[in-house]
Amino acid sequence: MLLDIAYPPVCLNCDAPTAAPDVLCANCFHRLRPITAPLCPVLGLPFEVSLGPDMLSAEAIADPPPFSRARSAVVYNEVARTLVSRLKYGDRPELARFCARLMAGAGHELWPGNPILVPVPLHPTRQRERRYNQSAELAQALGKYTGLAVDTDLVRRIRKTRQQVGLSGDGRQRNVAGAFAVHPDMLLRSKGRRVVLVDDVYTTGATTKAVTRVLLKGGAESVDVMSFARVVIGTELPI
Ligand SMILES: [Zn+2]
């Protein structure tokens, strides 16, 4: 109460005053681009026009991913980038609640069947530097909205990798190869259940594919991927 008076709620993106905490102002909200159908059933890429329910994107046909389905709440544009970088580097874990609310709706196809939500892990050293793992914050918040169990410890990052920023697709793949391992009790903890891997941004998918492979090897029945934002080439799609 006292804190609310001292710090009235502001927009998560532009700091304009808002009626409630942890939301965007109307102006910034309208600049977010939700990813909605029609989309590629595997990669979740938005299509400009519907090509039928089973039509895959050219990317999914050319390079089939190890995960079953990827979904994202919004296109990675300027507003999404500000939200993610504040969540990631700005010590603002409360942003996860806003992002997870949009993810809960966008990922509705992934929730039936009681899957476990598993965040993409950070290396322990990096987590200490940033004080928290943004993907774990997203997974926890998503767990509250969907009622699904969260296991923040099912996959670990066993090798410190350099930031993926600035690396090409191949470079990203090499950078994360061998970087992850599943918990020694994975089979006990997951009981062969489906896993939904939670991440902040889906870029080339190199990281999520590497984590998916170790989860499948460790005994997960299948893996889906849920991210807040996704890089879409030619972002100014009329969607
Ligand atoms: Zn704003």
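Model, not experiment: these values are computed from the prediction.

Chemist: Go over the environment of Arg126, please, and point to the residues and values.
Modeler: In this fold, Arg126 is placed in helix 6 (residues 124-130). Counting along the chain gives 18 residues from Arg126 to His108, while the straight-line C-alpha distance between them is 31 Å. Leaving out residues up to four positions away in the same chain, Arg126 has contacts with Lys160, Thr161 and Gln163.

Chemist: Just give me the short version of the coordination of the zinc ion, but keep the residues and values in it.
Modeler: Donor atoms from the polypeptide that coordinate the zinc ion comprise Cys11 (SG), Cys14 (SG), Cys25 (SG) and Cys28 (SG), at 2.3 Å from the metal. Geometry at the zinc ion is tetrahedral, judged from its four donor atoms and the angles of 105 to 113° they form at the metal. For Cys11, a relative accessible area of 0% puts it in the buried group. With relative accessibility at 1%, the residue Cys28 sits in the buried group.

Chemist: Please provide a residue-by-residue account of the side chain of Asp22, values included.
Modeler: Within the secondary structure, Asp22 sits in the loop between helix 1 (2-6) and helix 2 (26-31). Not counting residues up to four positions away in its chain, the partners in contact with Asp22 are Leu12, Glu94, Arg97, Phe98 and Arg101.

Chemist: Give a detailed account of helix 8 (residues 169-176), specifying residues and quantitative values.
Modeler: Turning to helix 8, its buried residues are Gly171, Arg172, Asn175 and Val176. All buried residues of helix 8 fall inside an arc of 120° around its axis, so they share one side. For helix 8, exposure combined with an orientation more than 90 degrees from the buried face picks out Asp170 and Arg174. Here the buried face of helix 8 lies against strand 4 (180-182) and helix 10 (206-217). Gly178, located one to two residues past helix 8, shows a positive phi value of around 75°.

Chemist: Which residues make up the environment of Val10, and what values do they have?
Modeler: Inspection of the secondary structure assignment puts Val10 in the loop between helix 1 and helix 2. Residue class for Val10 comes out partly exposed when judged on its relative accessible area of 35%. The spacing of Val10 and Leu24 is 14 residues in sequence and 7.9 Å in space, taken between C-alpha atoms. Leave out the neighbours within four places in its chain, and Val10 touches Asp15, Ala16, Pro17, Thr18 and Val23.

How each quantity is defined
- The residue numbers shown here count from 1 along each chain, following its written sequence.
- Note on the predicted model: pLDDT of at least 70 is required for a residue's local features to be given, and 80 or more for side-chain atom pairs to be given and counted; whole-chain, interface and lining totals, by contrast, use all residues.
- Only heavy atoms go into the side-chain values, all of them from the structure, while hydrogens and water stay out.
- Secondary structure is summarised from DSSP: a helix means a run of H or I of at least four residues, a strand means a run of E of at least two, and numbering begins at the N terminus for each.
- Here, residues are in contact when the closest pair of their heavy atoms is within 4.5 Å.
- Coordinating donors are taken as N, O and S atoms within 2.8 Å of the metal, stretched to 3.2 Å for Na, K and Ca; because water is absent from the atoms, sites can appear incomplete.
- A four-donor site is classed as tetrahedral when every donor-metal-donor angle falls between 85 and 135 degrees; four donors are called square planar, and six octahedral, when trans pairs exceed 155 degrees and all remaining angles lie between 65 and 115, with any other arrangement labelled irregular.
- Three exposure classes are used, based on accessible area relative to the maximum for each residue type with a 1.4 Å probe and protein chains only: buried under 20%, partly exposed in between, and exposed over 50%.
- The directions from the helix axis to the C-beta atoms are what the arc is built from.

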